[in-house]
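One letter stands for each residue in the lines below.
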Amino acid sequence: MRRIMPVTFTILIGLFTLAASCQVGGTKEIGFRGYAIAHTSAMLTKTVEADLVCGRVTAPAPPLCVDDATHGKILEILREVFVLDADLGRLIQSLPEGTPTTPEVGYMIGNVTVLIGDAVKLIPKSPQRQALAEKVAPAVK
Amino acid sequence: MPSFLTLVSLVGPLIEGFQKGAPFVKDLMALFANHDIAVRDEAIARMISEADSAKIEIDAEIEARSRRAKE
């Protein structure tokens, strides 16, 4: 009996939370989820790529590490990614509660995803790149 | 701590409340929804700040690289 009580209570709380997020979260919630995935992918790409730069203790030996010239190109792409990332967050923040997500949000999420894919493509093929690609850019082989 | 029977006896009125849109159910739902919104808005603000910091960090590295290249 003592075990069933907290379970019942948890189920009731879960029901309320689910009903509440369905009712009030609305379409802004959908934009937020896409943004959260895009942002997490951008942060992960930045961290993993930095670890793979030749000469760093975490980097594999050449030719699997990211050479200096490639790192420079990836930095330029990631800079663009984070400008878009912050703009996207501000756009979602500005949407009034309960309003539909604008097509611009979807367009910006798409751009961030494409740019992350471009950055991952520049990393030499290695188990680390494979693991990163599986998480952030499954289309990149 | 309410007894198990008390909790079980709440389920019926709650389901009925959902169906009829009783004020106390609406209040409870609004309470949970407002909490969700606050958590989400906090997450958006944190992500914007992380993106801004990442951009500043990358700008500094690009700048340092171009300075090194000129030397």
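Just above, that's the structure.
Here's what I pulled together on the structure shown here. (Residues numbered from 1 in each chain as written. Chains lettered and ligands numbered in written order. Predicted model: local features only at pLDDT ≥ 70, side-chain atom pairs only at ≥ 80, totals over all residues. Heavy atoms only, no water.)

## Considerations on the overall build of chain A
Keep this limit in mind: The helix and strand labels rest on DSSP assignments: H or I over at least four residues marks a helix, E over at least two residues marks a strand, and numbering proceeds from the N terminus. The criterion used for residue contact is that any of the two residues' heavy atoms lie within 4.5 Å. Each accessible area is a Shrake-Rupley estimate made with a 1.4 Å probe; only the visible protein chains count as cover when residues are assessed.
Within chain A, the secondary structure is distributed over four helices and zero strands. Reading the helices (α) and strands (β) of chain A from amino to carboxyl end gives α-α-α-α. Here the analysis covers contacts within chain A between residues at least 6 apart in sequence; of these, 62% occur between residues at least 24 apart. Accessible area of chain A: about 7600 Å², with a carbon and sulfur share of 65%.

## Some thoughts on the state of the cysteines
Residues and elements named next belong to chain A. Note the following rule: Note on terminology: disulfide denotes any pair of cysteine sulfur atoms within 2.5 Å. Buried means the residue's accessible area, taken with a 1.4 Å probe over protein chains only, is under 20% of the maximum for its type, while exposed means over 50%, and partly exposed covers the values in between.
By the definition in use, this model includes one disulfide over all chains. Note that Cys54 is cross-linked by a disulfide to Cys65, the S-S spacing being 1.9 Å. Because the sign of the S-S torsion sets the handedness, a value of about 90 degrees for the bond joining Cys54 and Cys65 places this disulfide among the right-handed ones. One end of the pair, Cys54, is in the loop between helix 1 (4-51) and helix 2 (68-94); the other, Cys65, is in the loop between helix 1 and helix 2, and eleven residues separate them in sequence. Taking the relative accessible area as the measure of exposure, Cys54 reaches 31% and is therefore partly exposed. Exposure remark for Cys65: the relative accessible area of 4% places this residue in the buried category.

## Considering helix 2 of chain A
Put simply, the test is: By definition here, a helix of n residues has an expected span of 1.5 Å times n minus one. Two N or O atoms count as a polar contact when they lie within 3.5 Å, although within protein this holds only if one can serve as hydrogen donor and the other as acceptor, and sequence-adjacent residues are included solely when both atoms are side-chain atoms.
Spanning 27 residues, helix 2 of chain A covers 39 Å between terminal C-alpha atoms, matching the ideal 39 Å at 1.5 Å per step. Between a side-chain oxygen at the N-terminus of helix 2 of chain A and the backbone nitrogen of A:Ala69 the separation is 3.2 Å; the capping residue is A:Asp67.

## Concerning the packing of helix 2 of chain A against helix 3 (residues 103-122) of chain A
Residue and element names in this part refer to chain A. Rules: Note on method: axes are straight lines fitted to C-alpha atoms, helices fitted across the in-contact stretch only, with angles between N-to-C directions ranging 0 to 180 degrees. An angle below 35 degrees is read as roughly parallel, one above 145 as roughly antiparallel, one from 65 to 115 as roughly perpendicular, and any other as oblique. Should the near helix be turned counterclockwise from the far one by less than a right angle, the crossing is left-handed, whereas a clockwise turn marks it as right-handed.
Running from amino to carboxyl end, helix 2 crosses helix 3 at an angle of 165 degrees, the nearest separation of the two axes being 9 Å. Comparing the axis directions of helix 2 and helix 3 gives the class roughly antiparallel. Handedness of the helix 2/helix 3 crossing: left-handed. The segment helix 2 lies against helix 3, with Thr70, Lys73, Ile74, Ile77, Glu80, Val81, Leu84, Asp85, Asp87, Leu88, Leu91 and Ile92 engaging Glu104, Val105, Met108, Ile109, Asn111, Val112, Leu115, Ile116, Asp118, Ala119 and Leu122.

## What to know about unusual backbone geometry
For the peptide bond that leads from A:Pro62 to A:Pro63, omega is 5 degrees, which places it in the cis range. Along the polypeptide, A:Pro63 turns up in the loop between helix 1 and helix 2.

## Regarding the environment of A:Thr47
Residues and elements named next belong to chain A. Looking at the element boundaries, Thr47 is found in helix 1. For Thr47 and Asp85, which are 38 residues apart along the polypeptide, the C-alpha to C-alpha distance reads 16 Å. A distance of 2.9 Å separates the side chain of Thr47 from the backbone oxygen of Met43, its partner in a polar contact.

## Concerning the nonpolar core
This is how it is decided: Among buried residues, the Ala, Val, Leu, Ile, Met, Phe, Trp, Tyr and Cys ones that are joined through side-chain atoms within 4.5 Å form a nonpolar core.
Membership of the largest hydrophobic core comes to 41 residues, with the highest contact counts inside it found for A:Tyr35, A:Val81, A:Phe82, A:Leu88, A:Val105, A:Ile116 and A:Val120. Only helix 1, helix 2, helix 3 and helix 4 (127-136) of chain A together with helix 2 (23-70) of chain B provide two or more residues apiece to this core. Ranked by residues supplied to this core, first place goes to helix 2 of chain A with eleven residues. Leaving out residues up to four positions away in the same chain, A:Tyr35 has contacts with A:Asp85, A:Leu88, A:Gly89, A:Ile92, A:Ile109, B:Ile44, B:Met47 and B:Ile48.

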